[in-house]
Amino acid sequence: MQLAPPAGSADEALELLSTTLNAVEDEFTGIPYRPDEWQNDGRMYPPQPDSARDVDGRPDLTRYRSLGHNTLIGANGAILIQSIREKAAELDKSGADGCTIELD
Amino acid sequence: MHDRTRLNLPDAISELSCSLRETMPDAIVDVDRPRDPKGEWWIDISCGDFLSSVAWRESFGFGVFTSQASFAERPDEIYKRPDHAAKRLCQILKSWKDFGGADALWLHDLRQICDTPQTSVAEKMSQSQAAISKLEHREDIRISSLRRYLNAMGGRLEMRAVFDDFSASVDISPRKVSAEVRETEQ
């Protein structure tokens, strides 16, 4: 994911994240992709559109919430995956303009 | 209990907060709202060092997690009713206090969530309360006993066979088994 070419927009970043995660899950779990179901089936699912949140004071960012992580997507295509408890960055990828997501 | 965001919440989430207020009075509840109110809400519950999060979707209900947080997992258990979700969260809190982690559902946990006394299950299964207590703590249980136990609480048993390349429901109804046995015997 970190080595993939950077995305140029939020839509591209979300697509990159989804494509990469789904490819890994398809290869290593063999569990069918069922985005419309909700119960744990042993497979990881990329951020879904209905999990989007606004970020106060940052119209350039969209936050996608999951159990242990916030995935922030920038309008420039940058991606930041941050653990909720430790606030540690688990993926910090710049957009096509070379800028990463900076939080206060 | 401190509920930091009680305004404009969906009724189900307000009801969960009320139930938690009764059962976990020291808990702090935070609600993480989605951009679209029809989307996925998150309810974060903390009580001392205990932290748990529940997801809520209008079309599904409350998603409760018992497994460790990895990335992008889905709920292990889903409850339509807020009071059922609150009871389950109390069980998880107790399990966390006793063992340091969330435990999978045991039969007696299920019965407590359904608010069904052992005597009622025993009566419906035509067994003694002691027999039900023993059944709830048995390590290995007959499928027929499990089916009757769940039926007695208004539930039903479903079974799925899961392989790497397919999964399917397995029919374990008594009628079907009897038919197969009769066929074999002829």
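As a reminder, the structure under discussion sits directly above these lines.
Below you will find a few notes about this structure. (Residues numbered from 1 in each chain as written. Chains lettered and ligands numbered in written order. Predicted model: local features only at pLDDT ≥ 70, side-chain atom pairs only at ≥ 80, totals over all residues. Heavy atoms only, no water.)

This next bit is on the layout of surface pockets. Empty space left among the atoms is revealed by rolling a probe the size of a water molecule over them. Residue and element names in this part refer to chain B. Within this model, the largest pocket holds a volume of roughly 1,400 Å³. For the lining of the largest pocket, the secondary structure elements donating two or more residues are strand 6 (77-79), helix 3 (107-113), strand 7 (160-162) and strand 8 (167-169). Looking at the lining of the largest pocket residue by residue, the class counts come to 17 nonpolar, 9 polar and 11 charged. Residue contributions to the lining of the largest pocket reach at least three from each of two domains, namely domain 1 (1-103) and domain 2 (106-186). (1 Å grid on protein atoms, 1.4 Å probe; cavity = no way out; pocket = protein on both sides within 12 Å on 5 of 7 lines; lining within 4 Å. Points joined across faces, edges and corners; volume = space filled by probe spheres on them. Helix = DSSP H or I, 4+ residues; strand = E, 2+ residues; numbered from the N terminus. Nonpolar A, V, L, I, M, F, W, Y, C, P; charged D, E, K, R; others polar. Domains from an automatic or database assignment.)

So, on to empty space enclosed by the protein. According to the stated counting rule, one finds 1 cavity of 30 Å³ or more in the structure shown. Roughly 230 Å³ of internal volume is contained in the largest cavity. For the largest cavity, the lining is made up of 22 residues, of which A:Tyr45, A:Pro46, A:Arg65, A:Ser66 and B:Glu40 are closest to its centre.

Quick look at the interface of chain B and chain A now. One frequently used descriptor of interface size is the decrease in accessible area upon assembly of the parts. With 32 residues of chain B in contact, the opposing surface of chain A contributes 27 residues. Counting each side, the surface lost to burial between chain B and chain A is near 2,800 Å², with a carbon and sulfur contribution of 50%. Counting across the chain B and chain A interface gives 6 salt bridges. The partner of A:Asp54 in a salt bridge is B:Arg35, with the nearest N and O atoms 2.7 Å apart. Where chain B packs against chain A, one counts 21 residue pairs in polar contact (both at pLDDT 80 or more). (Contact = heavy atoms within 4.5 Å. Buried area = accessible area lost by both parts, 1.4 Å probe. Salt bridge = Lys/Arg side-chain N within 4 Å of Asp/Glu carboxyl O. Polar contact = N/O pair within 3.5 Å; in protein donor to acceptor, adjacent residues only side chain to side chain.)

Residue and element names in this part refer to chain B. Bridge count for strand 4 (residues 50-57) against strand 5 (residues 61-64) is 4 bridges, and the pairing is antiparallel. Bridged to Trp 56 within strand 5 is Phe 62. Linking strand 4 to strand 5, which pair antiparallel, is a turn of 3 residues. Across 3 bridges, the pairing between strand 5 and strand 6 is antiparallel. Across the sheet, residue Gly 63 finds its bridge partner in strand 6, namely Ile 78. (Pairing = 2+ DSSP bridges.)

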